[in-house]
Amino acid sequence: ENKKVKQLPNILSGLSLPSVSFDIKHTSRKKITIAAIALVLIFFLKLVLDLTLGISSLKKAENFASAGDLKKAHNSASNAHKSLKAASNKTAIILFPFIKLNLSLAKNTQLALSGAQDAAQGAAYLIQGSENLLENAQKVSSKEAKVAATDDHAQINLQKAYFLATLSSKKLESAQSS
């Protein structure tokens with residue numbers, strides 16, 4: 001048996017939709033070139049910004065630590081680490097082809113940035129460990145506490161700081177010697 005299938009009315013039949021097509025012939029090559037240059041320029045400007053922020057944050061951390069404001073010093077050192085990590089990642093992208101070609105300048109640049117990143121992170125751990133030591137000293141010297149309980153965070157943070165300082169030093173020495 002043949003059954004007739006009812007067709008639903010097409011509600012879009014009366015609408016005219018604009019056609020969208022991308023034709024390279026109609027798109028100006030000049031506009032594409034300008035857009036590509038703008039993207040590369042923005043990428044490099046962000047790299048410079050990350051390096052500048054990282055270095056200035058590390059200097060601020062040093063100043064705050066010298067003044068005894070360990071909370072601000074820790075925040076500045078953490079910000080320095082984040083900025084230098086971002087700069088290191090961007091540099092790795094830029095230098096990837098040159099590193100594959102075994103160019104020593106590219107390897108040394110990446111190694112130096114990685115060392116600076118490790119130094120900033122080590123500074124953050126050093127400052128955090130110092131904060132932990134102060135907290136432990138306050139617990140021990142507290143008049144209210146009969147038995148002062150201290151934690152191992154200070155030791156752990158200071159060990160991490162030592163490890164990162166050693167790693168950073170080796171990376172920076174290696175970058176300079178090549």
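For the structure itself, look to the data block above.
Reference entry: report on the structure contained in this document. What you are looking at is a predicted structure, and each value in this text was computed from that prediction instead of being measured.

Here is what the cut-offs are and how they apply
- Residues numbered from 1 in each chain as written.
- Predicted model: local features only at pLDDT ≥ 70, side-chain atom pairs only at ≥ 80, totals over all residues.
- Heavy atoms only, no water.
- Helix = DSSP H or I, 4+ residues; strand = E, 2+ residues; numbered from the N terminus.
- Buried < 20%, exposed > 50% of the residue type's maximum accessible area, 1.4 Å probe, protein only.
- Axes fitted to C-alpha atoms, helices over the stretch in contact; angles between N-to-C directions.
- Parallel < 35°, antiparallel > 145°, perpendicular 65-115°, else oblique.
- Left-handed = near helix turned anticlockwise from the far one by under 90°.
- Nonpolar A, V, L, I, M, F, W, Y, C, P; charged D, E, K, R; others polar.
- Core = buried A, V, L, I, M, F, W, Y, C linked by side-chain atoms within 4.5 Å.
- Salt bridge = Lys/Arg side-chain N within 4 Å of Asp/Glu carboxyl O.
- Phe/Tyr/Trp six-rings, centres within 6.5 Å; stacked < 30°, edge-to-face > 60°.
- Expected span 1.5 Å × (residues − 1).
- Contact = heavy atoms within 4.5 Å.
- Patch = residues over 30% accessible without salt bridge, like charges linked within 9 Å, V, L, I, M, F, W, Y side chains within 5 Å.
- Areas by Shrake-Rupley, 256 points an atom, 1.4 Å probe, with all protein chains shown as cover.

The subject of this paragraph is the overall build of the chain. Counting secondary structure elements, the chain contains four helices and zero strands. Ordering the α and β elements of the chain from the N terminus gives α-α-α-α. For the chain, the residues scored as buried account for 24% of the 178 residues in total.

We now examine the packing of helix α1 (residues 29–67) against helix α2 (residues 70–100). α2 packs onto α1 with a crossing angle of 155° between their chain directions and a minimal axis gap of 7 Å. Between α1 and α2, the interaxial angle falls into the category roughly antiparallel. As for how α1 packs across α2, the hand of that crossing is left-handed. Broken down by class, the residue content of the contact of α1 with α2 amounts to 18 nonpolar, six polar and five charged.

Let us now look at the nonpolar core. Among the nonpolar cores identified, the biggest contains six residues, and these are A61, L70, A73, A77, A124 and I127. With three residues, the single largest contributor to this core is α2.

What follows covers the pattern of salt bridges. Oppositely charged side chains may form a pair once their charged atoms are brought near each other. Scanning the model with the defined rule gives five salt bridges in all. Of the charged contacts in the structure, one is a salt bridge between D69 and K72, with a shortest N-O distance of 3.9 Å. Exposure remark for K72: the relative accessible area of 44% places this residue in the partly exposed category. Across the pair E131 and K71 runs a salt bridge, and its minimum N-O distance is 3.8 Å. Here E131, found in helix α3 (residues 104–141), pairs with K71, found in helix α2; they are 60 residues apart in sequence, far enough to count as distant. Taken together, the salt bridges that share partners define one network made up of K46, D50 and K90.

Where α3 contacts helix α4 (residues 153–177), the axes come no closer than 7 Å and their chain directions differ by 160°. One element, α3, and the other, α4, form an angle in the roughly antiparallel class. For the pair α3 and α4, the sense of crossing is left-handed. Per-class residue counts for the contact of α3 with α4 are 14 nonpolar, 14 polar and three charged.

Further remarks concern the packing of aromatic side chains. A full pass over the atoms with the stated rule returns one aromatic pair. Pairing F43 with F44 gives two aromatic rings, centres 6.3 Å apart and planes at 85°, and the pair type is edge-to-face. Taking the relative accessible area as the measure of exposure, F43 reaches 29% and is therefore partly exposed. Residue F44 is classed as partly exposed on the basis of its relative accessible area, which comes to 39%.

The end-to-end C-alpha distance of α4, which contains 25 residues, comes to 36 Å, matching closely the 36 Å that a straight helix rising 1.5 Å per residue would cover. Within α4, burial applies to A154, N157, A161, L164, S168, K171 and A175. On the buried face of α4, the contacting elements are α3.

Turning next to the side chain of N132. One can find N132 in helix α3. When sequence neighbours within four positions are dropped, the list of residues in contact with N132 reads H153, A154 and N157.

This paragraph deals with a nonpolar patch on the surface. Together, F98, L101 and L103 make up an exposed nonpolar region whose accessible area comes to about 290 Å². If you trace the backbone, F98 turns up in helix α2. Given a relative accessible area of 38%, F98 falls into the partly exposed group.

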